[in-house]
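# Results of the structural survey
Listed below, chain by chain, are the residues.
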Amino acid sequence: MSGHSKWSTIKRKKGAEDAKRSKIFTRVTKEIVTAIREGGGGDPEFNPRLRLAIDKAKAANMPKDNIERAIKKGTGQGDDGVEFEEIIYEGYAPHGVAIIVEVLTDNRNRSLAEVKHAFNRNNGTMANTGAVLWQFEQKGFIQLGGSPDFDEVFMVAADAGAEDVISEDDAVNIYTSRENLNEVAQALSQNGYEVTESQLIWVPKNEVELSADESVAVMKLIERLEELDDIQNVSSNLSLSEAAIAAFEAQ
C-alpha cells in the first residue's frame, strides 16, 4: 500500500506542493464547503469530514482567516451560492494502468472536458463507470510528521483501530478502514503526534509492474491530471520502482 506515500514524496521532492499552494488552498476550500453543505454542519466536532478537511488545510499552512471564510461559505454566510459536485472518473493510462480521478467541481462539463483532454494528450483512455473502480478499495491514510517512535505509534494506532502501521519513505504511515479514519487520526493527535496528512485514498488490490520508461509515461498523465484545478486526488495501480522514480525526477 506504499504507492500513495511514494507519489506524495515525489511531489514534495519536485517542489510541486509549494508551487501549487494557491491551488491547494482552492481545493481544500471546496472540500470544506462540500463537507458542510452535504449535511454534516459547520461544527467539526460533529462533522468528521469537515474536521478532516480543516486538518488538511492546516497541514498545508492555510491561513486561519481563509479557513473561517470557507466555513462561513459552507454555512451560507458567504457572499456566493456556488455549489460543488463530487465526481469520480475512471480510465486507463498507457500500458493498461488503472486510474481513478476524484473531482470536486462547480461545472461538470468543464471538468469532464479537461479530464478527457488530459487522457487523450497523454495516451490514456477514459472508461465507463465501474470499469476500474472494482480494482481498488477505499482506505484511510494518515501520515505523521517529525520522527516518532514506531513502536509507540503502533500501539496507539492499533488500539484506536488502525489496520496497518508502516515505516516507509522516511515517514510513519498508518492505514485504516474507511470508517475508522477519523477515530485513529484523533487518537494520534491527542497523544501528541503531528498528523501531516489524513485522508481517504483508493488502494489497488493488485499493482502493475512496468519498466522505468513505461512508468514515467504513466506518471506524466497523473501529473497532468493533478495540475487541473478541479482534481482532488488521482489514484492508480502502478507499482513505483526506485528506477522509475529516479527517471521521473530526472526530467
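Read on for a plain summary of the structure. Owing to the predicted nature of the structure, the values given are computational and were not obtained by experimental measurement. (Residues numbered from 1 in each chain as written. Predicted model: local features only at pLDDT ≥ 70, side-chain atom pairs only at ≥ 80, totals over all residues. Heavy atoms only, no water.)

This next bit is on helix H4 (residues 48-59). For H4, which comprises 12 residues, the first-to-last C-alpha distance of 16 Å matches the rise-based estimate of 16 Å (1.5 Å per residue) to within 8%. Within H4, burial applies to Leu50, Arg51, Leu52, Ala53, Ile54 and Ala57. (Helix = DSSP H or I, 4+ residues; strand = E, 2+ residues; numbered from the N terminus. Expected span 1.5 Å × (residues − 1). Buried < 20%, exposed > 50% of the residue type's maximum accessible area, 1.4 Å probe, protein only.)

Okay, the sheet that holds strand E6 (residues 171-176) next. With respect to topology, 4 strands assemble into an open sheet ordered E5-E6-E4-E7, the strand pairing being antiparallel. Both outer strands of the open sheet, strand E5 (164-168) and strand E7 (195-204), are each paired with one neighbouring strand and no more. Adjacent strand axes in the sheet meet at a mean angle of 25° when their direction is disregarded. With 5 bridges joining them, strand E4 (residues 136-144) and E6 adopt antiparallel strand pairing. Bridge pairing links Ile142 to Ile174 in E6. (Pairing = 2+ DSSP bridges. Axes fitted to C-alpha atoms, helices over the stretch in contact; angles between N-to-C directions.)

What follows deals with the environment of Ala98. Take Ala98: it is sitting in strand E2 (residues 98-105). The buried category is assigned to Ala98, whose relative accessible area is 0%. For the pair Ala98 and Thr125, spaced 27 residues apart in the sequence, the C-alpha separation amounts to 9.9 Å.

This part is about empty space enclosed by the protein. With a probe scaled to a water molecule rolled over the atoms, the places where space remains empty come into view. Taken as a whole, this structure holds 2 cavities of 30 Å³ or more when the rule is applied. Along the walls of the second largest cavity sit Leu52, Asp55, Lys56, Val195, Thr196, Glu197 and Ser198, which together make up its complete lining. Among the secondary structure elements, those contributing two or more residues to the lining of the second largest cavity are H4 and E7. With 4 residues, the top contributor of residues to the lining of the second largest cavity is E7. Residue composition of the lining of the second largest cavity, by class: 2 nonpolar, 2 polar and 3 charged. (1 Å grid on protein atoms, 1.4 Å probe; cavity = no way out; pocket = protein on both sides within 12 Å on 5 of 7 lines; lining within 4 Å. Points joined across faces, edges and corners; volume = space filled by probe spheres on them. Nonpolar A, V, L, I, M, F, W, Y, C, P; charged D, E, K, R; others polar.)

Read from one edge to the other, the open sheet built from 4 strands follows the order E3-E1-E2-E9, with strand pairing classed as antiparallel. The sheet is open, and its two borders are formed by strand E3 (125-127) and strand E9 (231-236), each paired with just one other strand. Averaged over neighbouring strand pairs, the angle between their axes works out to 30° when direction is ignored. The sheet strands contacting helix H9 (residues 212-226) are E2 and E9, and the helix crosses E9 at an angle near 165°. (Contact = heavy atoms within 4.5 Å.)

Relative to the assigned elements, Leu52 resides in helix H4. Given a relative accessible area of 15%, Leu52 falls into the buried group. Separated by 20 residues in sequence, Leu52 and Ile32 have C-alpha atoms that sit 8.7 Å apart.

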